[in-house]
Every structure is written in structure tokens, then in C-alpha cells.
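Notes for the structure review
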Amino acid sequence: MGNLGSRFQSSPPGAEGLVEGVSSSRKLTCVCHKRKRNAYCDCCDSEQDDEDALLDIPRRKKLKSTSKYIYQTLFLNGENSDIRICALGQAWNLHKVYLCQSGYFSSMFSGSWRESNMMVIELEIPDQNIDTEALQVVFGSLYRDDVLIKPSRVVSILAAACMLQLDGLIQQCGETMKENISVKTVCGYYASASIYGLDSVIKKCHEWLLNNLMTHQNVDLMKELGVEMMEQLIRSSDLSVMQVEMDVYTALKKWMFLQLNPSWEGPIKQLLADADAWLCKRRTDLCEREPFLDTEDGAAFPSVFKHIRLQYIINDLASARILERDNILPADWLSSMYKNQWFAMLRTEFDNDNGPQDANKEDFEMSSMRCGRKLAKDGDYCWRWTGFNFGFDLLVTYTNRFIVFKRNTLSQPCGGAVSLQPRRHLAYRLRLASFDSNGKLVCSRSTGHQLLTLEKDQEYVVMNLDSRLLSFPLYVCCNFLYTSSQSDHRTDASTEPEGSTRSRHVSVIVNGESPEIQLDSSGLHHCPFCRYKGSKCDIDHHIKCHASVKYRGLQRSFQEAGREDGRKKKLQRSECPPPPCGLRARPLHVGGGPAPSMWTECPPPPCGLRLRAAVRGT
């Protein structure tokens, strides 16, 4: 093993250099210390700077915070208290300097109020939502930086904070409420926010109800919802409807049953059957023939049911039969809706109503069809919603994270009539949403209000989804508008639809018939094709000018349509030249001799129209 001396004597190669290098570095480092104290040294200054920098780094040491000390000593122990607050049978030894953070006490102590010089103050608590526990939290918040608010206690704390005018605590209560909205708290939070003026909480609760009323139906929630709140929800176009509008009617029927029978208990699946049985038994026992909403028990509910979009219920035979069987809605509601739908179908068929072509958002919000579908897991889906939609068979497909609309005409079978018009217009809005276990919105996407034109069997990609944002189950909520606004199709003579006007022009040109001319109270006659007014003679000439201007356009339209009938033959240019009134035609002069210098009557054209033309001879 060798002796100890040999170990110290032997060293690995290069060790001398290493030792020597260390020694030299020490010499270089320390040589400056041999100088006088007043000599300038860069390296010593840099070392001093490094030491100062190290001294400037803060060292954290957990001490008892001032806020915690103040809360424990001044609030809980009440040391050095200069005022005593009594309320609801309990007393708090507090300090005016801290109470002045409250607008309530600040006004009390700063003015010429009697309480400003009192040592003991009795507080009157008019709000029943305030209790001693809430006052303990509110008074304690004046002595500390943060407050822990339990969701179950937030309403009482909010009431106390509003009474004492603590804006910061009120805002914190609002944030706590918005984060903890669920089926158990939404109605209570909404009512409290309405009382204490928290608009942001009201809006959040309203959005939660729009998203969850139909997608996550709950018996307790339906019992709590009042008439006013339900009316706001049913009226909104943002209501997330699963399946079709008939499901909205069914949900209202269940809700009305629970409002009249609040003691009912059972699963949500049994609720509809019991509601139908209750209505049937009532009709049988009381021999009621009048609609339920016209009875005394149903008098509270018409304001809610009138917001159901019945036009999308009576377009399905099975749904229409259920409406007749239940006898809930007044008969005049249904008869007027049947009439409106019949005229809408006639406009689509005979008046070339191909759908909405302008961005009328107000009409879309009030009249659009509400429907939806739940996608339980990722996969391929293709569906259509039931009902007659004026020959527009819309297929919706979800595949490979794409949502596609297709106007089906001939490629796939359809149970009803299909429109074969070359193009159809559609207004739509599509929304996707997924929720957590409490119904809180996890992710959401929307197309917004859009206009779309589809040809036969044409497909259109509506939305491309990011797989990272997808969360199933996924709820697809849609709004559709298939027809133009009814206000765009007035039936009065002055604003007659273009299709009807075109037919009357054809009648004037082909058959020589005169359209009906209306006379107002001032003695002026009205043109049935525009707003022109005048004497009977002027209107006669004016109408025939209308027919002449339409002449060539009608000729082209008949030729394009390829109608092989007698009217097309009469409208051919070679057989029926355009009449001279209002058109650039050569004036006619009939008879021998010199041309007259005055206006004369022209002979009628070959088609039989009796036109009065102004011709001046040359």
C-alpha cells in the first residue's frame, strides 16, 4: 500500500500546474491589499458591489401579518373600542375609524345625526335576508384584506353589504354568485340579484337558464320558475331547444302542471304522462269544452304560451293532433296561425317566395324556427327535423369535425313534398355548446346570423371545429327562417306583390281587360300597380303605359320558361308590335291626304289592346 510519505509526495500529472495556478490567482487577487488604503482599486470595488447586491436581496420570513393582527385584536377581541353596535340581539365592539369605510356609517358619523355622538347604536334590520352571521362577516371585512364567502351564505352577505353600502364586498358577492350558478342556486341568485341590482348576475343567470332549461330539464327547477321568468325564456330566440318547437310546448305543459300541483314528486320521465293524465281527468270530470287557458285555473298562463312559435308545431301532423287533443290553447290562436301558414305556402308556390334575402335580424329573432340535437360522442351523424318547411328539405351532417348543410331534392328520399325551384334562400344561426356537471358553459361557438342560398342538392360547410376545443356531449342549437317576412307580401292594391302585378299586366296585354281602379275620398283614382293618382282618363292611360313597359320583359320571361300556350304566341314580337304609348315607336298616321297637325287617335294593335296614342303629323 506504500507509506504515508509517498502518498503526499506523489501527485498526479499536472497537479503542480493546478496548484501553481491557484497560488498565482491568489497572488493576483491579494496583491492589491498591500497598497495603501487611499489607493484606487477596481477589483476591490467590484467585490464590494457584489457584497452590497447580496445584502439588498430580501429574505422572506413568515411573520404575523398586520391584517391578521388587526382582525384578531381589534375586531374579535374588541380592544380599544370606541363604539358598540347592536343588532338582531347581538353586540359588536367596533371602532369608528374602521366603520367609516362603510357609506352607511360614514354618513351617520359625519353629519349632524344623533348617532354621531352616541357610544351605543341600535341598528334596525328591515331586510329579512340579513342575519347575525352575515353581519359578523360584513363587520369583519372592515378589519381584513380578504373575505371568504360561502356560496350558501352569499345572499345574506350581499343583503348586509348593500345595507351598509360596501361596494367592494358587493362586487365580490356578485363574482361568487356568477361562479356558483347551478340548478339549485340559479333561481335564488336571480331573485336576489334583481332585488339588489346586480345586473351582471341577472344576465348570467338568464344565460344559464336559456342553455339548461331544455337541455337539462329538472323538476325542482320547474317548480321554482315563475310566470314572468318563464315568459322571458320562451320568448327568446336564444333558447337552446332540443329537437323541435313541439318540445317547448311539452316543457310548458309539464311546467304548468307543476305550478298547479307543487306537491307532485317523481322522476322527470314520469312527469309528462302524469300531466297528460291530469288534463284528461280534468276534462272528463268537469266536462270542460273550453280551452284550458280560458278557464280560471289557466288564467295565469296565456302570457307564457303565446310566445310558443306555433307555426313550427302545426307543420307536423302528429304535433297538430296533440294540440287538438290537449285543448289548452284558445281556438282563435290556432285558426289564425293556420291561416298565416296557408298564405305563406301560397306565396312560396305562386309568388316565388324563395326565402329571406335581406338581413332582417328583428324578424329573424321573433319568427325563426328553433331546433337542436345532442351529439353524445364523436362520430358521424346525419339528421333532419320533422315538419313541412315549405319544400325545403334541409339535411344536417356532422362528420370529421365539419358541420354541413345540404338542400336535399332528389339525391335522398324525403317523406314530404320537395321544392324544385333552382335556388332557395335561408337565414340561419348555428350554435355549439358543451357544459359541465353544473350546467356551466365549458365551450361555445356560433356562426351568428347568416344568409345562405342553396341550389338543388348543394352542400355547404357551415362550421369547421377544432378538435382541441371539442367536449362531448355536444349540443347543436339552430335557428332557421325559410320564408320572407309577411310584411314584404302585402295584399292591398297599392303594394301588390310583383307576381300578382305581372299576372295583371299579362291580363291587360293579352285579353284587353282593365284592372280594377280604386277611387279615394278626394275624387282621385289610384293606379293598382304603383302610387300614382289622377283623373280617370289619366289613370287609364297610365295603366296602359304600365302594360307597355312590361311588354318586352314579359315576352322574354315567357320565352325562357318555354310555355307553349296561346299567350306566348300572342306575345311574339312579329305578331304583336309594341303599342306606341310610352315606348320608342314610330307614330302612326292613318288616312289619306296631308298629315294632321293635331293629336289623333291611333288604331289598336293586332293583339286587341285599345291604346290611346299621341301622334303628331309632319
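Fair warning: this is a prediction, and the values are worked out from it, not measured in the lab.

Turning our eyes to something else, we now look at the overall build of the chain. The secondary structure content of the chain amounts to 22 helices and 15 strands. When the 618 residues of the chain are sorted by exposure, 40% land in the buried category. Summed over its atoms, the accessible surface of the chain is roughly 36000 Å², and 51% of this surface lies on carbon and sulfur atoms.

Our focus in this paragraph is unusual backbone geometry. Backbone torsion omega between Phe472 and Pro473 reads 5 degrees, so that peptide bond is classified as cis. Residue placement: Pro473 occurs in the loop between strand E11 (459-464) and strand E12 (474-481). Positive phi is not limited to glycine here, since Gln165 has a value of about 60 degrees. Among the residues examined, Gln165 registers a relative accessible area of 43% and is labelled partly exposed. The phi torsion at Asn352 lies on the positive side, around 55 degrees, for a residue other than glycine. With respect to the helices and strands, Asn352 occurs in the loop between helix H18 (331-350) and helix H19 (361-367).

This next bit is on the packing of aromatic side chains. The full count for this structure, using the stated rule, is 21 aromatic pairs. With a centroid separation of 5.8 Å and an interplanar angle of 65 degrees, the aromatic rings of Phe257 and Trp278 are classed as edge-to-face. On the criterion of sequence distance, the pair formed by Phe257 in helix H14 (residues 246-260) and Trp278 in helix H15 (residues 268-286) is long-range, its members being 21 residues apart. Under the relative-accessibility criterion, Trp278 is labelled partly exposed at 22%. Both rings, one in Tyr381 and one in Tyr398, keep their centres 6.3 Å apart while their planes meet at 45 degrees; by these two values the pair is tilted. Taken together, the residues span a long stretch of sequence, with Tyr381 in strand E5 (residues 381-383) and Tyr398 in strand E6 (residues 393-399) at a distance of 17 residues.

Turning to the sheet that holds strand E7 (residues 402-408), a few remarks are in order. Pairing is antiparallel across the open sheet formed by four strands, whose spatial order is E5-E6-E7-E11. The two strands at the open ends of the sheet, each matched to only one other strand, are E5 and E11. On average, adjacent strands in this sheet sit at an angle of 20 degrees to one another, irrespective of strand direction. Relative to E6, E5 runs antiparallel, the two being bridged by three bridges. For Cys382, the partnering residue across the bridge sits in E6 and is Thr397.

A separate point is the packing of helix H8 (residues 154-164) against helix H9 (residues 167-179). Between H8 and H9, the shortest axis-to-axis distance is 9 Å and the interhelical angle comes to 160 degrees. Here H8 is positioned roughly antiparallel relative to H9, judged by the angle of their axes. In terms of crossing hand, the pair formed by H8 and H9 is left-handed. Touching Val154, Ile157, Leu158, Ala161 and Cys162 of H8 are Leu169, Ile170, Cys173, Thr176 and Met177, all from H9. Classifying every residue of the contact of H8 with H9 by side-chain character gives nine nonpolar, one polar and no charged.

Here we take up H15. Given a rise of 1.5 Å per residue, 19 residues ought to cover 27 Å, and the 27 Å separating the end C-alpha atoms of H15 matches this to within 8%. Summarising the contacts, the buried residues of H15 are in contact with helix H12 (219-224) and H14. Cys287 sits one or two positions beyond H15 and adopts a positive phi of about 55 degrees.

Calculation notes
Residues numbered from 1 in each chain as written. Predicted model: local features only at pLDDT ≥ 70, side-chain atom pairs only at ≥ 80, totals over all residues. Heavy atoms only, no water. Helix = DSSP H or I, 4+ residues; strand = E, 2+ residues; numbered from the N terminus. Buried < 20%, exposed > 50% of the residue type's maximum accessible area, 1.4 Å probe, protein only. Areas by Shrake-Rupley, 256 points an atom, 1.4 Å probe, with all protein chains shown as cover. Phe/Tyr/Trp six-rings, centres within 6.5 Å; stacked < 30°, edge-to-face > 60°. Pairing = 2+ DSSP bridges. Axes fitted to C-alpha atoms, helices over the stretch in contact; angles between N-to-C directions. Parallel < 35°, antiparallel > 145°, perpendicular 65-115°, else oblique. Left-handed = near helix turned anticlockwise from the far one by under 90°. Contact = heavy atoms within 4.5 Å. Nonpolar A, V, L, I, M, F, W, Y, C, P; charged D, E, K, R; others polar. Expected span 1.5 Å × (residues − 1).

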